[in-house]
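Structural description and commentary
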Amino acid sequence: MAKKAYAGLDFEGKENDPLYKRRHSLAHILAQAVQKVRPGTRLGFGPPVENGFYYDFHFAEPISDEDFGAIEKEMRKIINEKQPFERREMTAAEAVAMLNEQGENLKAEYCQDLASRGESLSFYRNGPFEDMCAGPHVEHTGQIPADCFQLDSLAGAYWRGDEKREQLTRIYGLAFDTKAELKEFVRLREEAKKYDHRKLGKELEIFMISDHVGPGLPLWMPNGTVLRDELENLAKEWEFADGYQRVATPHVTDGKLFETSGHLAHYKEGMFPAMVVDENREYYLKPMNCPFHHLIFGNRPRSYREMPIRLAEYGQVYRYEGSGSLAGLLRVRGMCMNDAHIYCTPEQLKDEFTKVLDLHKRYYEMFRLSHFWMRLSTHTPERLGDKYVNMPEDWIKSEAVIKGILDEIGIDYQIGEDEAAFYGPKVDFQVRNVVGREETASTNQLDFAVPARFNLTYVGTDGQEHVPYCIHRAPLGTHERFLAFLIEHFKGAFPTWMAPRQVVVVPVHVENFGDYAQKVAQELFKLGFRAEADLGSDSFNKKIRNAATSKTPNIFIVGEREQEQQEVTWRRYCVKEQQTVPLARALECLKQARSRRVMDNFADVEVLGLV
RNA sequence: GCCGUUUUAGCUCAGGGGUAGAGCAACUCACUCGUAAUGAGUAGGUCCGGGGUUCGAAUCCCCGAAGCGGCUCCA
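Computed from a predicted structure; not experimentally measured.

Summing up its helical and strand segments, chain A has 18 helices and 30 strands in all. Viewed in the frame of its principal axes, chain A has a C-alpha envelope of about 90 × 70 × 50 Å. In chain A, buried positions account for 51% of the 611 residues. Summarising the internal contacts of chain A: among those between residues at least 6 apart in sequence, 70% fall at separations of at least 24. Taking the average place of the 79 positive charges on the side chains of chain A and the average place of its 93 negative ones, the gap between the two points comes to 3 Å.

The structure is reproduced here in structure tokens:
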């Protein structure tokens, strides 16, 4: 069931899909229009993509999205002209000569490469425009509805994805089957902005990023810290049950540690620069926890009898991410990993790796993340000794083991060729949440190289020393990314067990029922709930509104009847109906919801039925 | 890091060469209300930072920072 990955998109077998063809043809139409509006513009690539198409251009003069109107107008004109697409083939020499004569040096270069690989070159012409292209296309431009596309955005993009090459200007366009679908896509995208974790994180006071500290270094506010703590408690419980032991290690270290591990050789530019102190020792902020765990494992001789050894840590790490790639909590420079390293024997590898993948599934199912798939990142033999450790047999063997496990588990997976870590293959989990954000939630690696560098061994049944395998695993990835993802998935409304404020008690009238409200809040507080009575001077309606806009999962309303009967009227954030129940029962239900980690932020989940 | 773009009160935003405006939030007073905004008042700004042009810059120009959309990278 392995699929070939196409840069995050799966176009396999879609070339003949009519929408794919229209998007592809629209890219050509865009290029034709741009060259009309801006003569002398050179062409890069212009493929169809998930929601439309793009084309990369090299402009003589900078362009802005204010030019979109003119370009779109030209595109619609081309569509009106019903230009037929005509395919022709050329020899490489002819094509290169023609492209060079046209001044299309980028295309000519690519053409050269294809020709040297002996590939045949096809060209598509429509109207005055011709582009080297594998096709297929619509028969004529009139087959594209003029109201089903729009130009979307402008972006920089390197020629052939290489940052050392020319920076081109990419124009993105959206295109769908119908105008309604286009409008719906734009609407949903706007809607999703309301749930962006950066917006909700600010509104709900979850985290802040201050320029006084620096970009990519989030400060977790009280509400956000509750979320982290709850997540951490969950992980601790599950890891305890799975036989993990917790460890804690420093944020800085002598750089020799990362020389030994190989990280300094492979990822130095991704680390904060060294601090030189005492006797010119170079200290680094740690970008990874593994070498520390390796030292703990290697602290004394180990026997096969105590394997596997599973060392877990919520470890804070620091990576110098490029300034342009920072994004809210999704890409930061200081982050806390749900990290662990499992040291095991070759015989235990399959079992341990399977358990790790199963743990992922448990988390995703629990958080109702139903759209996830795996990506197996493998090595390429040509880059052994350079990007990858030169241990060809271990690569082949371990990739086969992991493939076997993935096929057995039966979750969809893609192969990411040439994307492994330097010390072994990776298995990433890719997740999509309810607002459509797609992220790598966690990356897990098999490591058959670094333990040996730390001289890690265990004594086997044969009395000989063996080097253990190491599984790096982080099912919740980092606090930062995972919570960013959850904030959006939950649209800011957390289940009772996680919610920063779990219950707010609202009296109908403060003077008359304020004392009872306070008593209810006290009861909740005694049970360890994060609860509060709203005794302020706002109107009753305003208090309900405040409780709702703060996305507090439970509102307890108390008035005359509730006070007399020792009841509360329970209104859940996500549910329209409310119910009046005895206080004792409400407390018991909440306790259950908390201890069972019920996902009561979803409307279909019942809470009152828990007792 | 690269390309494009944005930055005005705690928040969301309007304005624009003659030294700033709204709503919400905050604070004060009155109101005490049965299911999503009670009313009145008060206070609040180095218009991102630095330089330049100008009689005068928040507004125009240059440099920088940060945010956003992409690209590159992502142990």
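Turning next to the domain arrangement of chain A. A common measure of how large an interface is: the accessible area buried when the components associate. Entries for chain A in the domain assignment read domain 1 (2–193), domain 2 (199–489) and domain 3 (503–610). Centre-to-centre separation of domain 1 and domain 2, based on C-alpha positions: 38 Å.

So, on to the protein's contact with RNA strand B. The full set close to RNA strand B counts 51 residues, and Tyr158, Gln167, Ser323, His509 and Lys542 are the nearest of them. Those atoms of RNA strand B that come within 4 Å of the protein belong to sugar or phosphate at a rate of 52%. Within the side chain of Arg331, an N or O atom sits 2.6 Å from a base oxygen of RNA strand B. When residues of the surface near RNA strand B are traced back to their parent elements, those giving at least two are β8 (149–158), β9 (167–175), α6 (197–203), α9 (263–267), α16 (540–549), α17 (560–565) and β29 (567–572). Per-element tally for the surface near RNA strand B: the top contributor is α16, with six residues.

Moving on: the sheet that holds strand β16 (residues 302–303). As summarised here, the arrangement of the three strands in space is β16-β23-β24, forming an open sheet in which the pairing is mixed. Where the open sheet ends on each side, the last strands, each with one partner, are β16 and β24 (465–466).

Its location among the elements puts Pro425 in the loop between β20 (413–417) and β21 (426–432). Of the residues examined, Pro425 reaches a relative accessible area of 0% and is grouped as buried. In this structure, the C-alpha to C-alpha distance between Pro425 and Met208, residues 217 residues apart in sequence, is 35 Å.

Okay, the packing of aromatic side chains next. Inspection of the entire model under this criterion finds 24 aromatic pairs. Measuring from centroid to centroid gives 5.1 Å for Tyr55 and Phe57, while their planes differ by 20 degrees, and the two rings are stacked. Per residue, the accessibility class of Tyr55 equals that of Phe57, and both read buried. Here the aromatic residues Phe367, Phe482, Phe490, Phe494, Trp497 and Phe602 are joined through ring pairs into a cluster of three or more.

Moving on, we come to the pattern of salt bridges. Side chains that differ in charge, positive against negative, can pair when their charged atoms come close. Per the counting criterion, the structure on display carries 51 salt bridges. In this structure, Glu306 and Arg302 form a salt bridge, with 3.3 Å as the shortest nitrogen-oxygen distance. Exposure remark for Arg302: the relative accessible area of 11% places this residue in the buried category. Put simply, Glu109, Asp113, Arg160, Arg165 and Glu166 are held in one network by salt bridges that share partners.

Turning our attention to the sheet that holds strand β15 (residues 281–285). By definition, the strands of a sheet pair up through backbone hydrogen bonds, in either a parallel or an antiparallel sense. Strand order in this open sheet of three strands is β13-β15-β14, and the pairing throughout is antiparallel. The two strands at the open ends of the sheet, each matched to only one other strand, are β13 (252–254) and β14 (275–277). Averaged over all adjacent pairs, the angle separating strand axes in this sheet is 35 degrees, with direction ignored. Note: β14 against β15, three bridges, orientation antiparallel. Looking across to β15, one finds that Val277 is bridged to Arg281.

Moving on: helix α11 (residues 346–366). Its 21 residues give α11 an end-to-end C-alpha distance of 31 Å, which sits within 8% of 30 Å, the value for a rise of 1.5 Å per residue. Following α11 by one or two positions, Arg368 has its phi on the positive side, about 60 degrees.

When the pLDDT values of chain A are averaged, the result is 93; 98% of them are 70 or greater. Low confidence marks residues 1–12, where pLDDT is under 50. Its contacts with residues over four positions away, or in another chain, come to 23 contacts.

The peptide bond linking Gly135 to Pro136 adopts the cis configuration, its omega dihedral lying at 0 degrees. Looking at the element boundaries, Pro136 is found in the loop between β7 (129–132) and β8. Here the residue pair Met307 and Pro308 is connected by a cis peptide bond, since its omega of -5 degrees sits within 30 degrees of zero. In the Ramachandran plot, Asn455 falls in the positive-phi region, its phi being about 55 degrees despite a non-glycine side chain.

Moving on: a nonpolar patch on the surface. On the surface, a nonpolar cluster with roughly 210 Å² of combined accessible area is contributed by Val252, Met275 and Val277. By the secondary structure assignment, Val277 is in strand β14.

Given 3.6 residues per helical turn, the α-helix brings residues three or four places apart onto the same face. Helix α10 (residues 290–297) sits mainly inside the fold: six of its eight residues count as buried. Looking at α10, one finds that the buried residues are Cys290, Pro291, Phe292, His293, His294 and Phe297.

So, about the nonpolar core. Where a protein is soluble and globular, its nonpolar side chains tend to be buried together. Core analysis: the biggest nonpolar cluster contains 116 residues, and Phe367, Met498, Leu524 and Phe556 have the highest contact counts within it. No other element matches α11, which puts eight residues into this core. Counting residues domain by domain, this core receives three or more from each of domain 2 (199–489) and domain 3 (503–610). Contact partners of Met498, with chain neighbours within four places excluded, come to Val226, Leu227, Glu230, Leu231, Phe367, Leu483, Leu486, Phe490 and Arg530.

This part is about the environment of Ala517. Of note, Ala517 is situated in helix α15 (residues 510–526). C-alpha separation for the pair Ala517 and Pro507, spaced 10 residues apart in sequence, amounts to 5.8 Å.

Parameters at a glance
- Residues numbered from 1 in each chain as written.
- Chains lettered and ligands numbered in written order.
- Predicted model: local features only at pLDDT ≥ 70, side-chain atom pairs only at ≥ 80, totals over all residues.
- Heavy atoms only, no water.
- Helix = DSSP H or I, 4+ residues; strand = E, 2+ residues; numbered from the N terminus.
- Buried < 20%, exposed > 50% of the residue type's maximum accessible area, 1.4 Å probe, protein only.
- Contact = heavy atoms within 4.5 Å.
- Lys, Arg positive; Asp, Glu negative; His and termini not counted.
- Charge placed at Lys NZ, Arg CZ, Asp CG, Glu CD.
- Domains from an automatic or database assignment.
- Near = heavy atom within 4 Å.
- Polar contact = N/O pair within 3.5 Å; in protein donor to acceptor, adjacent residues only side chain to side chain.
- Pairing = 2+ DSSP bridges.
- Phe/Tyr/Trp six-rings, centres within 6.5 Å; stacked < 30°, edge-to-face > 60°.
- Salt bridge = Lys/Arg side-chain N within 4 Å of Asp/Glu carboxyl O.
- Axes fitted to C-alpha atoms, helices over the stretch in contact; angles between N-to-C directions.
- Expected span 1.5 Å × (residues − 1).
- pLDDT = per-residue confidence, 0-100.
- Patch = residues over 30% accessible without salt bridge, like charges linked within 9 Å, V, L, I, M, F, W, Y side chains within 5 Å.
- Areas by Shrake-Rupley, 256 points an atom, 1.4 Å probe, with all protein chains shown as cover.
- Core = buried A, V, L, I, M, F, W, Y, C linked by side-chain atoms within 4.5 Å.

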